[in-house]
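These are the residues of each chain, in order.
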Amino acid sequence: MTDDSDRGTPGKGLLNGLAVTLKTMTRRSTTQQYPDVEPDLPPRSRGVIALLEENCTVCMLCARECPDWCIYIDSHKEEVVVPGAARPRQRNVLDRFDIDFSLCMYCGICIEACPFDALYWTPEFEYSEYDLRDLLHDKDRLGEWMETVPPPPAHDPLGEPSKEEATAARKAAGPGAATPAKTARPATVRPTPAPPAAAASPDQEQEPGPSQESGT
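Residues numbered from 1 in each chain as written. Predicted model: local features only at pLDDT ≥ 70, side-chain atom pairs only at ≥ 80, totals over all residues. Heavy atoms only, no water.

**Structural notes on the packing of aromatic side chains**
What the rule picks out here adds up to 5 aromatic pairs. For the pair Tyr-106 and Trp-121, a centre-to-centre distance of 6.4 Å together with 25° between the ring planes defines the contact as stacked. Here the residue Tyr-106 occupies a position in the loop between strand E3 (89-100) and helix H4 (109-113), and Trp-121 occupies one in strand E4 (residues 119-121), the gap between them amounting to 15 residues. Among the aromatic side chains, those forming a connected cluster through ring pairs are Phe-101, Tyr-106, Trp-121, Tyr-127 and Trp-145. (Phe/Tyr/Trp six-rings, centres within 6.5 Å; stacked < 30°, edge-to-face > 60°. Helix = DSSP H or I, 4+ residues; strand = E, 2+ residues; numbered from the N terminus.)

**Points about the layout of surface pockets**
Estimates place the volume of the largest pocket at around 760 Å³. Lining the largest pocket are 21 residues, and of these Tyr-120, Trp-121, Pro-150, Pro-152 and Pro-153 lie nearest its centre. Within the residue set of the lining of the largest pocket, elements represented by two or more residues are H4 and E4. By residue number, the principal contributor to the lining of the largest pocket is E4, which donates 3 residues. In terms of residue class, the lining of the largest pocket is made up of 11 nonpolar, 5 polar and 5 charged. (1 Å grid on protein atoms, 1.4 Å probe; cavity = no way out; pocket = protein on both sides within 12 Å on 5 of 7 lines; lining within 4 Å. Points joined across faces, edges and corners; volume = space filled by probe spheres on them. Nonpolar A, V, L, I, M, F, W, Y, C, P; charged D, E, K, R; others polar.)

Everything listed here is a matter of coordinates, which is why it stays silent on function.
Encoded structure:
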């Protein structure tokens, strides 16, 4: 609540506004001079999405989970002859992988849904176009963004090893050898409870001992 005397003072609001303006003018500016100075982005910033084509198995999970339907995938099947197999196997070959960034809302669901680590976040955001149709990136352009993907953070030395690291260490050590997964946390050994004492029968409790007979 404001005082009635402050309301009646003419020009006080104007003076308060000018005081704020003068205070802001004398303060040092913290504005980054973009594009002359590149911004210091956080490590987990969401820019453009990169594609690692070698890891894509055309499982279509990213396109199905996309809420904007901005991922377009086409593929065909080829037969692969495996030595020693009874019949040739079939594998999917990626023909088209496009992402329309004019529809993408950068939710990251496609990256989380990919089970083979074929999609990655990159901090690059300077890919604006004059034509809206040029925001449709094909698999070749998505593959070029892989060069800008930052390296993953270092593994926590106090944390448990990942499933892939534990499997590789177990195969390298051989059967029966101790692996980091087994030695990461010491196994808790529960103490063996002592056997309960045998309860005396009612006849033994009522029967007087030798000392009682001698006392009488």
